[in-house]
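# Examining the three-dimensional arrangement
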Amino acid sequence: MEVKKHHHTSNIFVKWFLNNRFSIALLNILLFFLIILVFNQISFVLNPFWTFFNAILPPVLVASIQYYLMNPVVDWMEKKLKVPRIITIILLFVIVLGGLIWIINTLIPIIQHQTDSLIKNWPTYWQDAQKGFEKMIRDPRLNGVRGGINHAISDAQTKMFKTGQDSFNLALSNLSSAVNVITMIFMTLLTAPFVLFFMLKDGHRLNPYVTKFAPQRLQPSFSSLLSDINGAVAAYIRGQITVAFWVVVMFAIGYSIIGLNYGITLAVLAGILNMIPYFGTFIAFVPAIILGLINSPMMLVKILIVFAIEQTLEGRVISPLVMGNKMNMNPVTTILLLIGASAVAGLWGVIFAIPVYAVVKIIVTRLFNYYRKISNLYEEISVSDNDNDLKPKESN
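Computed from a predicted model, the values in this text were never measured in an experiment.

## Concerning the packing of aromatic side chains
A full pass over the atoms with the stated rule returns nine aromatic pairs. Aromatic pair phenylalanine 32 and phenylalanine 33: ring centres 5.4 Å apart, planes at 75 degrees, arrangement edge-to-face. For phenylalanine 33, a relative accessible area of 52% translates into the label exposed. What links up through ring pairs into an aromatic cluster is the set Phe93, Phe197 and Phe198.

## Thoughts on the confidence of the model for the protein
For the protein, per-residue confidence averages 77 on the pLDDT scale, and 73% of positions sit at 70 or higher. The least confident element of the protein, judged by mean pLDDT, is helix 13 (residues 383–390) at 48; the most confident is helix 8 (residues 219–258) at 89.

## Focus: unusual backbone geometry
One non-glycine residue, lysine 82, lies in positive phi territory at about 60 degrees. Mapped onto the secondary structure, lysine 82 falls in the loop between helix 3 (43–80) and helix 4 (85–137). For lysine 82, a relative accessible area of 66% corresponds to the exposed category. In this model, tyrosine 262 sits at a positive phi of 65 degrees, which is unusual for a non-glycine residue. Note that tyrosine 262 resides in the loop between helix 8 and helix 9 (263–273). Take tyrosine 262: its relative accessible area is 7%, and that puts it in the buried class.

Procedures and definitions
- Position numbers for residues count from 1 along each chain, tracking the sequence in the order it is written.
- Local features in this predicted model are restricted to residues of pLDDT 70 or higher, and side-chain atom pairs are both shown and tallied only at a pLDDT of 80 or more, whereas totals for entire chains, interfaces and linings draw on every residue.
- Just so you know, side-chain values use all the structure's heavy atoms and leave hydrogens and water out.
- Aromatic pairing here means that ring centres of Phe, Tyr or Trp (its six-membered ring) are within 6.5 Å. Orientation follows from the plane angle: under 30 degrees is stacked, over 60 is edge-to-face, and everything else is tilted.
- For every residue, the accessible area (1.4 Å probe, protein chains only) is compared with the maximum for its type, and the residue is labelled buried under 20%, exposed over 50%, or partly exposed between those bounds.
- Confidence of the predictor in every single residue is expressed as pLDDT, which spans 0 to 100.
- Only DSSP runs of H or I with at least four residues qualify as helices, and only runs of E with at least two residues qualify as strands; both kinds are numbered from the N terminus onward.

In structure tokens, the structure reads:
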């Protein structure tokens, strides 16, 4: 009797725990968080590896961005024109070096001159803005709220002064950190070209090399997964940089036509901030609005017209042609993702949120499709089975 009872208990344990998918899933989740807890307790062991990763990340990141821009040209020259990869890579390096020399000799001096002029004239602009604001609040219609406005202005000036003082003190105390940043930039500029060269030379062999480490029956799907991830990241990087370039061109032409001071600098700023989807261009538009308000109402109207034309061309022509719908992301999802990523990781989170989301989405989709394939929960019922179920059963 005891043997039967023990056997019955064992069957219940096997049925409701060992052979239960839900229990196994909970157990796997528990093990996952236990592993995280263990790694957190021995994080001091991983600190050297984290330091090493932080050291190599900047040159690898810079080289990767350039790789995704140059690799299509190298592949096309090799496949269509039978030009060896080494020759194409050397030619691209010469072209990029020539472009950098042109930028250093032509564009950088213009931006530097405009920035120096803006810094030099900023006190005058600030005084003009204050006079205009003081004139505005003298309006008799604002008598009831004038005290609150003056208090808000005084409070804002105090906070700005305190913030500036704290930033200056922080900069002095972190002088060694500034030296480390300069060293990192120098090492990145020195090593990134070498990393880029070998990425362009042997990057097309990376997928087959990594795929060899997967089980043989999973190698085709794993290789396809790597290709999808590479395609998503490449599409995002190429698209963002191409759109940013045309944003710089459009704003530079528009600001030059209307005669806005510091137009080239503002155009470059708009192109850089355009890397932040939806918000970047509007953030870069704020300085132009301030300069337009200081200049004249007519200049402000001209700036608004330039912005409207640029947004129309970017949204209706450039972005659809360059980006298309390759990321397959809903605008609401993108905005919420950017807000959450900025809260978690600041500026870096905003920059990397979308490509990381795209990679995670591809992996999760693949895993879910695999689970659907092996799970009994998603077995499709054929039409004939449905018809048989609907037919009345014959009585014996």
